[in-house]
Amino acid sequence: MRGSDAALLSVSGVHTFYGSIEALKGVSLQVEAGEIVTLIGANGAGKSTLLMTICGDPRAARGTVRFDGRDITRRSTYEIMRSGIAQSPEGRRIFPRMTVLENLQMGALTADPAHLEEDLERAFALFPRLKERQHQRGGTLSGGEQQMLAIGRALMSRPRLLLLDEPSLGLAPLIVRQIFEVIGEINRTQGMTVFLVEQNAYHALKLAHRGYVMVTGEVTLTGTGAELLANKEVQAAYLEGGS
Amino acid sequence: MTTSLDKAADAGGPAPAADDGGSAAARRAIDWRALLIEAGITAGIVFMLSITLVGIHIANVTGGLAILTRFADVVAAVVLAFVGRVGIVLIREGQPIPVLIGGVAAAILGLFVPPMSLIGPIFSALTGGEWTPSVMLQVVQVAGGVVIALRAAWVTWRTRGTLAEQDQRTGGVDRFGAQVQRATRFIGPIAVVFAFSLPFLFYDRATIDLATLVVTYIMLAWGLNIIVGLAGLLDLGYVAFYAVGAYSYALLATEFGLSFWICLPLAGVFAATAGLILGFPVLRLRGDYFAIVTLGFGEIIRIILLNWTQLTGGPDGISGIARPSFFGIADFTRRPAEDQLAFHDWLGIEFDGIHRIIFLYYLILVLALFVNFVSIRIRRLPIGRAWEALREDDVACQSLGINRRNIKLVAFTISASFGGLAGSFFATRQGFISPESFQFIESAIILAIVVLGGMGSQAGIVLAAILMIGMPEVFRELEQYRMLAFGALMVTIMVWRPRGLLSHRDPTISLAAGSKPPPDAAKRGARP
């Protein structure tokens, strides 16, 4: 493992259980500041579990999760989410009865209210569609717009690490491309570190600097995005049909 | 041979199918056989229901209980149901005009002719029994006729336009709801002024008593609304806090002789503590499990009150609870104690028992408005928004760095303290409390007000409380059919507005430089 003390997020030897089922069997990975790192794998491989373990719900039974050099393994979820990590959860989970604006404001609930306006402007600059629909209720948005809102909401707390759980879930290919473009843009222009969990391996690996492949609770492969895209095993398992 | 219930179940099959066909092809031959079968089944169901509920009646007569029969009413009800169902089917089959005429005719007939006056003589001739038609049947006939006529009129009007136009009209109903809600901004102050002038508009004891009761429930529902409407936690044991408040005041007043004005905040504090204690064990629970535990807590409190005889007096309750004075200045009795001033002497007016009633009304009104003020303000604070986030999506709420444990506890504590304030008011108003007053049904009524009002809507709760508490009183003249009429009203409301009377939710924030004119959230925030 390279440069583990310099990494923004470092997961080492993490085991997580759901009851007696071991969902993560000693997972280790690093995310350096400024990187986009993706974790790909099939359904049920434990990708979302790893993401949730980083957030402290469920907690790791063994192993450590370090963020910015501090051990956050035993912290409670709300403390972790206030320490500079933001998450766009699986299935988007926006607040359906609240307007777009309120949803974004909810993201800034734990942040300094002084830069609310500025952060809103930035979110609207990233996703002009959200500005058009700012008074519309979240539940009336399309799937793609809801995903934009979920990412925008996560960014409102000014995180240093953005966790994205399957942003392409259930979206049309064109929309998926748009979402991934914006993720790349956030990384380039704001220097945001992104940890992306995806089933859509092709798009994720094309975007990411580095990637990990997870199979039944263990990391089996790692490399740069391009390396993994070219890897025969990855192609066979996750990239049938070319894209 | 199948039983009637089986037949009713079988009939469920063809009926919806006919419904689909009916809306598509407006004009087509009516299948009279199917129509009669459907109406017959409806009449059968009505017969099954009414034979026990209406037909047999146990009454107090001199010398004990007797079973009285009202079979003529059952026959009349069955005939009414049959005719009504024929009307509904005809509307569905695209014949609204004759039904419209028939419905109006039935309503008018019901108004002026004693209901089903034809059946009476026939029935008497057949059985030799005497038949006095009841008021309820008349009400059913008139109301049923009007409802069916309205429905026919609605169908006639609706089938004129295209599908797109119909959609627009449906949306219009929702927009109307939103407009009504927006109008509450103006109606709100008017309602408050009306509430304050009510004792002078109706200077009569019964009315003010009823108003006091309604306002008490409004206050309780506003208090519960924080847990249920804002935080989205289904609390089935809210009456526990009401009881804690009531007993706190009653015990402090009777044991230590503390005055109401000292006990009121103390009761709030005690209830808040109870909320905090209940809050801890239920923190990890959600949804149904949460509801069950709170239900249990409500019962536990009541059972403790019932069994801890040394402290609470058990089933005998606590009596002789001191009435509130006029802010410690004057008393509302005709001849107060030595060192006290009588209210009527103080103002130099004639003694009248109604002064205290009016004072109590104002007391609960001010308390309720205080709860409303706090609720409206708190909804715009970060904690209020966090509650709403918790209601909308528990998981997302956590991923935004919200400490769910703390905000649930705060919701519980604040809500409980409001319940406690209402409880101590209840104790001082009644002068006597016992565990009887804190049954589960009270929790259910308060919850029903919140749900009926449209979860989280302050104005909706006022409307719902007036309906829920006021209507049974209004329907009192219907005597034994009172709760039937009340139930019918509830069902009608839930069919008409399934998400509550005023379920439109106003956003708490909008940008000043927004693209659309914002519904001035800031200005609304300033309104008490």
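A brief structural summary. All of these numbers come straight from a predicted model, not from anything done at the bench.

### Section: the overall build of chain B
Along the backbone of chain B there are 22 helices and 4 strands. Taken across its 528 residues, chain B has 47% of its residues classed as buried. Intrachain contacts of chain B at a sequence separation of at least 6 include 72% that bridge at least 24 residues.

### Side note on the overall build of chain A
A tally of regular secondary structure across chain A gives 10 helices and 10 strands. Here chain A holds 243 residues, and 56% of them are scored as buried. Looking at chain A alone, contacts between residues at least 24 apart form 68% of all its contacts between residues at least 6 apart. Element-wise, carbon and sulfur atoms account for 49% of the exposed surface of chain A, whose accessible area totals about 9,800 Å².

### Observations regarding the packing of aromatic side chains
This structure, assessed with the given rule, holds 16 aromatic pairs over all chains. Each ring, one from Tyr242(B) and one from Phe438(B), has its centre 5.6 Å from the other, and the planes form 80°; the classification is edge-to-face. One end of the pair, Tyr242(B), is in helix 10 (residues 239-256); the other, Phe438(B), is in the loop between strand 4 (432-433) and helix 19 (440-453), with 196 residues separating them in the sequence. Here Tyr242(B) and Phe438(B) have matching classes, each one buried. Over the ring of Phe95(A) we find Arg153(A); its NZ or CZ atom is 4.9 Å from the centre of that ring.

### Quick word on a nonpolar patch on the surface
Residue and element names in this part refer to chain B. A surface patch of nonpolar side chains, amounting to about 550 Å² of accessible area, comprises Phe327, Ile329, Leu341, Trp346, Leu347 and Ile349. Within the secondary structure, Trp346 sits in helix 14 (residues 343-347). Judged by relative accessible area, which is 37%, Trp346 ranks as partly exposed.

### Quick notes on the sheet that holds strand 4 (residues 62-67) of chain A
All names here are of chain A. Strand order across the open sheet formed by 4 strands is 2-1-4-5, with antiparallel pairing between neighbours. Only two strands of the sheet have a single partner each, and these edge strands are strand 2 (21-31) and strand 5 (70-71). For strand 4 and strand 5, the ladder comprises 2 bridges, and the chain directions are antiparallel. Paired with Phe67 across the bridge in strand 5 is Arg70. Contacts from helix 1 (residues 47-54) reach strand 1 (9-18), strand 2 and strand 4, with the element oriented near 110° to strand 1.

### Let's talk about helix 12 (residues 287-307) of chain B
Residues and elements named next belong to chain B. Spanning 21 residues, helix 12 covers 31 Å between terminal C-alpha atoms, matching the ideal 30 Å at 1.5 Å per step. Listing the buried residues of helix 12 in full gives Phe290, Ala291, Thr294, Phe297, Gly298, Ile301, Arg302 and Leu305. Within helix 12, the buried residues cover an arc of 125° as seen down the axis, which keeps them to one side. The exposed set on the far side of helix 12, more than 90 degrees from its buried face, consists of Asp288, Tyr289, Ile292 and Asn307. Where the residues of helix 12 are buried, they touch helix 10, helix 11 (260-282), helix 13 (309-312) and helix 18 (404-430).

### Topic: the sheet that holds strand 8 (residues 193-198) of chain A
Pairing between the strands of a sheet is mediated by backbone hydrogen bonds and can be parallel or antiparallel. Residue and element names in this part refer to chain A. Strand order across the open sheet formed by 6 strands is 6-7-8-3-9-10, with mixed pairing between neighbours. Of all the strands in the sheet, just strand 6 (85-88) and strand 10 (218-224) have a single pairing partner and so form its edges. Each strand of the sheet is rotated relative to its neighbour by a mean of 15°, with strand direction disregarded. Sheet strands in contact with helix 6 (residues 143-155) are strand 6 and strand 7 (161-165), and its direction is about 170° off that of strand 6.

### Points about helix 4 (residues 116-126) of chain A
Residues and elements named next belong to chain A. Every buried residue of helix 4 is listed here: Leu116, Asp119, Leu120, Ala123, Phe124 and Leu126. Viewed along the axis of helix 4, the buried residues span an arc of 160°, placing them on a single side of the element. Exposed and facing more than 90 degrees away from the buried side of helix 4 are Glu118 and Ala125.

### Details of the interface of chain A and chain B
Listed as interface residues are 29 residues of chain A and, on the opposing side, 31 residues of chain B. For the pair chain A and chain B, the summed buried surface comes to about 2,800 Å²; carbon and sulfur atoms form 57% of the total. Three residues, Arg97(A), Leu109(A) and His135(A), lead the burial of chain A against chain B; their summed loss comes to 26% of the area buried on that side. Counting across the chain A and chain B interface gives 2 salt bridges.

### Quick word on the pairing of strand 1 of chain A
Within a regular strand, side chains alternate between the sheet's two faces. Residue and element names in this part refer to chain A. Sheet topology note: the strand 1/strand 2 ladder contains 8 bridges and is antiparallel. If you follow Ser10 over to strand 2, its bridge partner there is Gln30. Between strand 1 and the antiparallel strand that follows it, strand 2, lie 2 residues; Gly19 among them carries a positive phi value of about 65°. Two elements, strand 1 and strand 4, share 5 bridges in a ladder whose sense is antiparallel. From the neighbouring strand, Ser12 faces strand 4, where its bridge partner is Thr64.

### Observations regarding the nonpolar core
Of all hydrophobic cores here, the largest spans 109 residues; its most connected members are Tyr361(B), Ile402(B), Ile433(B), Phe438(B) and Ile449(B). Counting residues per element, this core draws most heavily on helix 9 (residues 205-230) of chain B, at 15 residues. Beyond its immediate sequence surroundings of up to four residues, Ile402(B) is in contact with Tyr78(A), Arg82(A), Met106(A), Leu109(A), Ala386(B), Ala389(B), Cys397(B) and Ile407(B). Judged by nonpolar contacts, the second largest core, of 47 residues, contains Ile36(A), Phe124(A), Leu141(A) and Phe180(A).

### Topic: the pattern of salt bridges
All names here are of chain A. Evaluated as defined, the whole model comprises 20 salt bridges over all chains. Ionic pairing is found between Glu35 and Arg210, a salt bridge with its closest N-O pair at 2.6 Å. Placement of Glu35 in the loop between strand 2 and strand 3 (36-41) and of Arg210 in strand 9 (residues 210-215) is noted, with a sequence separation of 175 residues between them. With respect to class, Glu35 is no different from Arg210; both count as buried.

Calculation criteria
Residues numbered from 1 in each chain as written. Chains lettered and ligands numbered in written order. Predicted model: local features only at pLDDT ≥ 70, side-chain atom pairs only at ≥ 80, totals over all residues. Heavy atoms only, no water. Helix = DSSP H or I, 4+ residues; strand = E, 2+ residues; numbered from the N terminus. Buried < 20%, exposed > 50% of the residue type's maximum accessible area, 1.4 Å probe, protein only. Contact = heavy atoms within 4.5 Å. Areas by Shrake-Rupley, 256 points an atom, 1.4 Å probe, with all protein chains shown as cover. Phe/Tyr/Trp six-rings, centres within 6.5 Å; stacked < 30°, edge-to-face > 60°. Lys NZ or Arg CZ within 6 Å of the ring centre and 35° of its normal. Patch = residues over 30% accessible without salt bridge, like charges linked within 9 Å, V, L, I, M, F, W, Y side chains within 5 Å. Salt bridge = Lys/Arg side-chain N within 4 Å of Asp/Glu carboxyl O. Pairing = 2+ DSSP bridges. Axes fitted to C-alpha atoms, helices over the stretch in contact; angles between N-to-C directions. Expected span 1.5 Å × (residues − 1). Arc of directions from axis to C-beta. Buried area = accessible area lost by both parts, 1.4 Å probe. Core = buried A, V, L, I, M, F, W, Y, C linked by side-chain atoms within 4.5 Å.

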